[in-house]
Amino acid sequence: MRPSAALFHHVQRTGGALIAPRDVIAQIGPTEMLVSGRVTVSEPDVYFRSPGCPCCAIREDLIASVVRATRRSKPPEHLCVVVDPAADDLLTVISTLLSSFESSQRCSLDSVVLHLDAVELATRIATGGSVVSAELEPAVAIADLITIDRTSQVTNSALASMSTALRAQAAFARVVNGPSDSAGRLDAWHGTPAAIAVESDRNSTPSTVVLRLDDPLDPNAVEEWLDLLLAQHATRLYRMQGTLSIVGNDERTCYFGVRSFAASHSERDHVSRRSTDSVIALCGLGLNADELAASFESTVAS
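Residues numbered from 1 in each chain as written. Predicted model: local features only at pLDDT ≥ 70, side-chain atom pairs only at ≥ 80, totals over all residues. Heavy atoms only, no water.

**Re the environment of arginine 106**
Relative to the elements of secondary structure, arginine 106 occurs in the loop between α6 (101-104) and β6 (113-117). Among the residues examined, arginine 106 registers a relative accessible area of 37% and is labelled partly exposed. For arginine 106 and proline 75, which are 31 residues apart along the polypeptide, the C-alpha to C-alpha distance reads 9.6 Å. Beyond its immediate stretch of four places on either side in the chain, arginine 106 contacts Val66, Val67, Thr70 and Arg71. At 3.0 Å, the side chain of arginine 106 forms a polar contact with the backbone oxygen of glutamate 102. (Helix = DSSP H or I, 4+ residues; strand = E, 2+ residues; numbered from the N terminus. Buried < 20%, exposed > 50% of the residue type's maximum accessible area, 1.4 Å probe, protein only. Contact = heavy atoms within 4.5 Å. Polar contact = N/O pair within 3.5 Å; in protein donor to acceptor, adjacent residues only side chain to side chain.)

**Brief notes about the nonpolar core**
In this structure, Ile94, Leu114, Val140, Ile142, Ile146, Met162 and Leu166 are the most contacted members of the largest nonpolar core, which totals 48 residues. With 6 residues, helix α5 (residues 90-99) is the largest single contributor of residues to this core. Beyond its immediate sequence surroundings of up to four residues, isoleucine 142 is in contact with Leu90, Leu91, Ile94, Val112, Phe172, Tyr238, Arg239 and Cys283. One finds Leu213, Trp225, Ile280 and Leu282 within the second-largest nonpolar core, a separate group that totals 19 residues. (Core = buried A, V, L, I, M, F, W, Y, C linked by side-chain atoms within 4.5 Å.)

**Quick notes on helix α7 (residues 118-126)**
Residue pairs three or four apart in sequence face the same way in an α-helix, which turns once every 3.6 residues. Among the residues of α7, those classed as buried are Ala118, Leu121, Ala122 and Arg124. Looking down the long axis of α7, one finds its buried residues gathered within 155° of arc, a one-sided arrangement. On its buried face, α7 is in contact with β6, β7 (145-149) and α9 (156-169). For α7, the N-terminal cap is aspartate 117; the gap from its side-chain oxygen to the backbone nitrogen of valine 119 is 3.1 Å. In the segment just after α7, glycine 128 is the residue with positive phi, at about 80°. (Arc of directions from axis to C-beta.)

**Thoughts on the sheet that holds strand β5 (residues 79-81)**
Across the sheet, 3 strands lie side by side as β2-β1-β5; this open sheet has parallel pairing. The sheet terminates laterally at β2 (39-41) and β5, the two strands that pair on one side only. Taken pair by pair, the neighbouring strands of this sheet meet at an average axis angle of 20°, ignoring direction. Of the strand pairs in this sheet, strand β1 (residues 17-20) and β2 are connected by 3 bridges, and their pairing is parallel. Looking at β2, one finds that isoleucine 19 is bridged to threonine 40. Packed onto the sheet, helix α4 (residues 60-70) meets β1, β2 and β5 and runs at close to 155° relative to β2. (Pairing = 2+ DSSP bridges. Axes fitted to C-alpha atoms, helices over the stretch in contact; angles between N-to-C directions.)

Purely geometric stuff here, so don't read any function into it on its own.
And the structure:
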């Protein structure tokens with residue numbers, strides 16, 4: 001849950017900038033990043049456009065921080081936004097980065113990287129707790145890369161248990177044991193998702209449904225299907241990502257979003273992970289795989 005020193009070194013070495021709360025920055029110390037001004041303080045400040053609605057929540061501090069971090073004569077090559085999933089709402093951070101005009105004009109969401117501490121996870125196992133606590137479930141469910149740090153300080157048995165538990169709930173992520181420089185550019189939120197289905201026997205635990213169709217889809221039917229999907233699952237939709245082959249379009253269309261926010265663009269914008277059929281991954285709470293598959297199949301052009 002706490003970002004490791006390896007992450008800070010990676011951001012510094014690759015010419016990136018860091019956006020983080022003050023307490024995280026205090027842990028870094030007077031590094032070259034602080035001296036060069038490549039660290040921006042961003043204390044969580046959530047504004048609800050409609051009171052109490054999570055879909056309407058936006059991190060105003062984060063928008064301002066992205067603007068400050070990129071408004072330089074030599075903008076950073078990438079930004080690393082630090083989020084503590086135990087204290088802050090990760091989904092609000094993601095929806096802010098995706099939906100804010102100011103943010104989207106300056107950067108795009110590349111990937112969600114989750115750093116976990118092996119000693120903390122091993123302690124949970126030893127005390128009969130769950131490896132993936134309730135506060136971690138959203139992050140594990142939608143992360144693109146999960147790194148487990150301090151693996152040399154736990155037993156092989158504990159490491160195997162935590163890796164197994166994480167892989168059972170991580171639909172999009174690779175799980176890496178030990179320090180990794182894999183937090184480079186992944187472009188994981190665009191194109192065909194590298195996702196697997198994850199089942200859940202409780203509505204309070206996220207599941208992931210992966211839908212595929214070989215035949216081209218009707219544009220009106222797809223639009224209605226997506227509208228209904230957001231209307232029914234908006235507050236419980238953790239991640240949506242797919243590429244759909246639609247009648248009348250030469251290129252497939254990429255869709256991505258979180259909660260009630262959704263956006264699309266042509267697949268030609270991304271050269272990797274192209275699909276030969278229509279694929280869409282849906283992650284959230286209370287998803288019925290059979291109902292979603294049947295309704296999605298109804299969008300095939302006749």
